[in-house]
Amino acid sequence: MNRHDHSSDHDRDHGPAHDQERAHAHDHGHSHDHPGDEAAHFDAAAATWDEPDKVQQAAHLAAAIRDRVPLEPTWVALDFGAGTGLLSVRLAASVAEIDMVDTSTGMLTAAEQRRVEHPNLRAARRDLTTEPAPREHYDLITASLSLHHVPDVAGVLDRFTELLTPGGWVAIAELAADGTDDFHSHRDDFTGHHGFEPAELVGDLTARGFESVGHVRYATIAREVDGRSKDFAVHLITGRAPLTDA
């Protein structure tokens, strides 16, 4: 399968379901997979996390993933930094099972409640930078606005590569870097990344042997910065792991 031309993908909104939304949020769409103060931050936010803008953002992302990844009903998926499960619940009908992984106990408590209506979802508190995943292999790994909270991005991408079955897919939603720290300017304690160049993540996956790698801008998040509304682009980067372990 040929790779997507990511340069032409860069500014394309993929279908009517992906009209750029303006989610007036105070934090990102999902939680993260990084321990310490970040986990405490999201524990405190969990009870009021699922506001309408974040719900809409998750719906846009799920639709974008369906457009770019050939989901199968037999697949087992891992949602890295799943938060309250906003994305997982919107993909639950498309795959067999989803393990929702996060380091925030508060977020996962909310996520676990989704099993009442979606019994194929499972929540697990894990830091995948130091701990094993709930299973040895997955057909799909998703990460929604969680990678920029992880200090060792290369290490996490290596873990994704190890965990994917041959021919499995990764779907990473991330902020596009704009050369500022404006997106997290409301947090004095933030020590993560202020977004990524989408082409950089495409290159990271390609260097690990992924195929059909590409990206698309699927949403825009609007946030107040210094008293004015500012738009932040969010991209979906997808790729397929090699069909063999070689």
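An account of the accompanying structure is given in this report. As the structure is a computational prediction, the values presented were derived from the model and not from experiment.

**Notes on the overall build of the chain**
Now for step 1: Of regular secondary structure, the chain possesses seven helices and seven strands.
Now for step 2: Beginning at the N terminus, the succession of helices and strands in the chain can be written as α-α-α-β-α-β-α-β-β-α-β-α-β-β.
Now for step 3: The proportion of buried residues among the 246 residues of the chain is 52%.
Now for step 4: Taking the intrachain contacts of the chain between residues at least 6 apart in sequence as the baseline, contacts between residues at least 24 apart amount to 71%.
Now for step 5: Taken as a whole, the chain presents about 10,400 Å² of accessible surface, with 49% of it coming from carbon and sulfur.

**What to know about helix α5 (residues 105-112)**
Now for step 1: Along α5, the positions that sit buried rather than exposed are Met107, Leu108 and Ala111. One side of α5 carries all its buried residues, which in axial view fall inside an arc of 95°.

**A closer look at the nonpolar core**
Now for step 1: Of all hydrophobic cores here, the largest spans 31 residues; its most connected members are Ile65, Tyr218 and Leu236.
Now for step 2: Of all elements in the fold, only α3 (52-68), α4 (86-91), β2 (97-102), β5 (164-175), β6 (211-225) and β7 (228-240) reach the threshold of two or more residues within this core.
Now for step 3: With residues near it in sequence (within four places) discarded, Ile65 still touches Leu71, Leu87, Leu91, Thr142, Ala171 and Leu236.
Now for step 4: Leu78, Leu163, Ile172 and Phe196 belong to the second-largest nonpolar core, a separate cluster that totals 27 residues.

**Here's the deal with helix α7 (residues 198-207)**
For an α-helix the count is 3.6 residues per turn, leaving residues at separations of three or four pointing the same way.
Now for step 1: All of the buried residues in α7 are Pro198, Leu201, Val202 and Leu205. End-on, the buried residues of α7 take up no more than an arc of 105°, which puts them together on one face.
Now for step 2: Phi turns positive, to about 95°, at Gly209, one or two residues after α7.

**A look at the pattern of salt bridges**
Now for step 1: Here the structure, examined in full by the defined rule, presents seven salt bridges.
Now for step 2: A salt bridge links Glu97 to Arg135, with the nearest nitrogen and oxygen atoms 3.1 Å apart. In this pair, Glu97 is assigned in strand β2 and Arg135 in the loop between β3 (121-125) and β4 (138-144), connecting sequence segments 38 residues apart.
Now for step 3: Taking relative accessible area as the criterion, Glu97 reaches 22% and is therefore assigned partly exposed.
Now for step 4: One connected set of salt bridges, linked through shared partners, spans Glu97, Asp99, Arg122 and Arg135.

**Overview of the pairing of β5**
Now for step 1: Most of β5 sits out of view: eleven of its twelve residues are buried.
Now for step 2: In the classification by handedness, the crossover that spans β4, the intervening helix α6 (residues 153-163) and the parallel β5 is right-handed.

**Describing the environment of Gly81**
Now for step 1: Tracing the backbone shows Gly81 in the loop between β1 (76-80) and α4.
Now for step 2: Sequence separation of Gly81 and Asp102 is 21 residues, and the distance between their C-alpha atoms is 4.5 Å.

Scoring rules and cut-offs
- Residues numbered from 1 in each chain as written.
- Predicted model: local features only at pLDDT ≥ 70, side-chain atom pairs only at ≥ 80, totals over all residues.
- Heavy atoms only, no water.
- Helix = DSSP H or I, 4+ residues; strand = E, 2+ residues; numbered from the N terminus.
- Buried < 20%, exposed > 50% of the residue type's maximum accessible area, 1.4 Å probe, protein only.
- Contact = heavy atoms within 4.5 Å.
- Areas by Shrake-Rupley, 256 points an atom, 1.4 Å probe, with all protein chains shown as cover.
- Arc of directions from axis to C-beta.
- Core = buried A, V, L, I, M, F, W, Y, C linked by side-chain atoms within 4.5 Å.
- Salt bridge = Lys/Arg side-chain N within 4 Å of Asp/Glu carboxyl O.
- Right-handed = clockwise from strand over helix to strand, strands pointing away.

Don't take any of this as a statement about function, it's just geometry.
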